[in-house]
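Coordinate analysis (summary)
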Amino acid sequence: MPCSLRRLFATILVHCEPGDVRGLWDRHFEPMSDDYRRSHTCRIEVEQMVLLDIRGMLQSMGKDIADFSLPCIDDAFDPTEGEAREVIEESNVDFDINDTKLASSLNLEQRVAYNEILASVERGDGGVFFVDGPGGTGKTFLYRALLAKVRSKGNIAIATATSGVAASIMPGGRTAQSRFKIPLSCDDGASCTFTKQSGTAKLLRMASLILWDEATMTKRQAVEALDNSMRDIMGRRDRPFGGKTVVFGGDFRQVLPVVRRGSRDQIIDATLRSSHLWKGMRQLRLVTNMRAHNDTWFPDYLLRVGNGTEEVDDQGNIRLPEDICVPSTGEGDDLEKLIDHVFPRLDDNMSDPNYMTSHAILSTTNDNVEKINIRMVERFRGEEVIYHSFDSAEDDPYGYYAPEFLNGLAPNGLPPHALKLKLNCPVILLRNIDPANGLCNGTRLVVRGFERNAIDAEIVIGQHAGRRVFLPRIPLCPSDNGMFPFKFKRKQFPVRLSFAMTINKAQGQTIPIVGVYLPNPVFSHGQLYVALSRATAKRNIKILIEKEKEKENAKKQSGKPKKRKRPALSLQTSMKNIVYKEVLTG
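Residues numbered from 1 in each chain as written. Predicted model: local features only at pLDDT ≥ 70, side-chain atom pairs only at ≥ 80, totals over all residues. Heavy atoms only, no water.

Here is the rule: UniProt positions are given in the numbering used here, feature names are shortened, and annotations may be inferred rather than shown by experiment.
By the naming in an unreviewed UniProt entry, the protein chain goes by ATP-dependent DNA helicase and is assigned to Aegilops tauschii subsp. strangulata. Turning to the protein chain, the UniProt record has this under Cofactor (unreviewed entry): "Mg(2+)". Under the UniProt heading Catalytic activity (unreviewed entry), the entry covering the protein chain gives this text: "ATP + H2O = ADP + phosphate + H(+)".

Following this line, the structure appears as structure tokens:
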């Protein structure tokens, strides 16, 4: 608990703009140092240990403890001896000894990739690879084997991913944006924001292997920015990534980079395949599905969906397997049936974090997701706690925008004004709070307790599963600055319920039991493929395509009200499938 309080203290410093930092320190030093005081009697030594711990947490969030009004750190107590924090972090990454044995279990395709990449690492002359494989072909298994092999020799291997969720399942994983200091907005020719003298630059020079998973989700400009910076810090302008061994991975069948209001051509231009670096990448393909020992038909079907080769009807829709579709009446009870399929025996499993994170419903839009989450939290036992946000228009000195109006806004990527939670319910984090310690955008947690100004939660996925954290309210702004004619700020806990989530948010996650709610057709490349491929087997997925409600006249011609007919069940099995084939073959 003292460690969680220290992390909460660091989070408040970084995200909450406290007015009296020293006063906050003085008031909470005792509980923050409780564990150290049990084993050390010298107050000065205890204080230094707490400061060093908080310094490390602040550094992992990209901040310097010297920027805050806290007691000074005495060099006599500092064990780092001036070494860069980034280098210390990566040098101290623990690897599971069992991961060093994974190489013996690689299949033929994985073995070829493993040997080629390690040969490049051992030669030290660099190489750029792309591991291409659909879900279930063992990309993560291969990554873990590579990371363990390199690290077991005392070398540095940097593990990153585009999404926080994908990063969290790799040992020592970080988001690529936070590790490489990639600007939020990247144009052609951009570079990362670290300098040649920074700890990040030193880490990259020392690294033997750099791995970037889910690279198909990121814009090519972000990858090119890393390339530009690495050529610069390595002093080798003629070599991609300065002559380092870099491994990218992903699946172009999945959702592509987000280009706001972008056309098809603009989205394709933003992909890694459109980069000048693509032709120099060695393609390593994984095709054998490791999950499909008992059901080979479904993985083959998923590939046809992902490749856009599944047969379509005269309306351009594909047909889904009947046994995974839930009958629809077009009434509200349809969704309840889907919930029953996905969350059986909910009352008996509410306190089980494994149950909560192994079941989820996916949909296309935030409105659909919010609708499902509201129904689910109503079903959940226990007393409801509601946290209200503090909303403001930053550039509205005359108060034109009433609080009630601001409270009603629901921009994408922000929590609701009225955040309704219950004990043990699942939530998903909406911001990168402390990526090095598992708190990144997309991390799934369960609520363990409520405080007035903090939520006690437990991380339930990835390498940090089981860690208890305190989450404070933080100021949040929409990612799209042009969404409103004013600068909107919402101070709220950075979480949403995660019984349901958008298909895009689920990318990179394996969810054993999946429901897919489609009241409207999918609207972007790869959405249907991603939704179908999150489950581990065909028997673990259910899809509800809602039947369109028939238009009824209020009255018959005689003037009498029309009798309401009992809704007829209908099995909806056809759905639009959007695939940009040029990004799969270009």
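Details of the UniProt feature "domain: DNA helicase Pif1-like 2B" (unreviewed entry) in the protein chain
Going by this rule: In this text, helices come from DSSP runs of H or I with a minimum length of four residues, and strands from runs of E with a minimum of two, each type numbered from the N-terminal end.
Following the UniProt record, one finds the feature "domain: DNA helicase Pif1-like 2B" (unreviewed entry) at residues 404–450. Between the first and last C-alpha atoms of residues 404–450 the distance is 26 Å; the span itself is 9% helix and 32% strand.

Remarks on the sheet that holds strand 18 (residues 495–497)
Strand pairing in a sheet relies on backbone hydrogen bonds, with the paired strands running either antiparallel or parallel. Selection rule: The criterion for strand pairing is that DSSP finds at least two bridges linking the strands in question. To obtain each axis, a line is fitted to C-alpha atoms, and for helices this fit is confined to the stretch in contact; angles are then taken between N-to-C directions over 0 to 180 degrees.
Within the open sheet, the 5 strands sit side by side as 15-14-13-12-18. Their pairing is antiparallel. Looking at strand neighbours, the two that pair on one side only are strand 15 (468–472) and strand 18, the edges of this open sheet. On average, each strand axis in the sheet is tilted by 45 degrees relative to the strand beside it, whichever way the strands run. Where strand 12 (residues 426–429) and strand 18 come together, 3 bridges link them in antiparallel fashion. Paired with I428 across the bridge in strand 18 is R496.

Focus: the packing of aromatic side chains
What counts here: Between rings of Phe, Tyr and Trp, where Trp is taken as its six-membered ring, a pair exists when centres lie within 6.5 Å; planes separated by under 30 degrees are stacked, by over 60 edge-to-face, and by other angles tilted. Remark: exposure states derive from per-residue accessible area (1.4 Å probe, protein chains only) relative to the maximum for the residue type, with buried under 20%, exposed over 50%, and partly exposed in between.
According to the stated counting rule, one finds 23 aromatic pairs in the structure shown. Taken together, a centroid distance of 5.9 Å and an interplanar angle of 45 degrees make the contact between Y398 and Y400 tilted. Take Y400: its relative accessible area is 66%, and that puts it in the exposed class. When the ring of F484 is compared with that of F488, the centres are 5.8 Å apart and the planes differ by 75 degrees; the resulting orientation is edge-to-face. As far as burial versus exposure is concerned, F484 and F488 are alike and both buried. Linked through ring pairs, Y401, F405, F484, F486 and F488 together constitute an aromatic cluster.

What to know about the nonpolar core
Which entries qualify depends on this criterion: In this text, buried Ala, Val, Leu, Ile, Met, Phe, Trp, Tyr and Cys residues form a nonpolar core when linked through side-chain atoms within 4.5 Å. Here the limits of each domain have been adopted from an automatic or database domain assignment. We call two residues contacting when some pair of their heavy atoms lies within 4.5 Å.
F343, I361, L421 and F499 are the most contacted members of the largest nonpolar core, which totals 52 residues. Two domains each put at least three residues into this core: domain 3 (294–381 + 500–549 + 565–585) and domain 4 (382–498). In contact with F499, not counting residues within four places along its chain, are F343, M356, H359, A360, I361, N373, M376, V377, F380, C425 and P426. By size, the runner-up hydrophobic cluster in this structure holds 42 residues, among which are I158, C192, I210 and F248.

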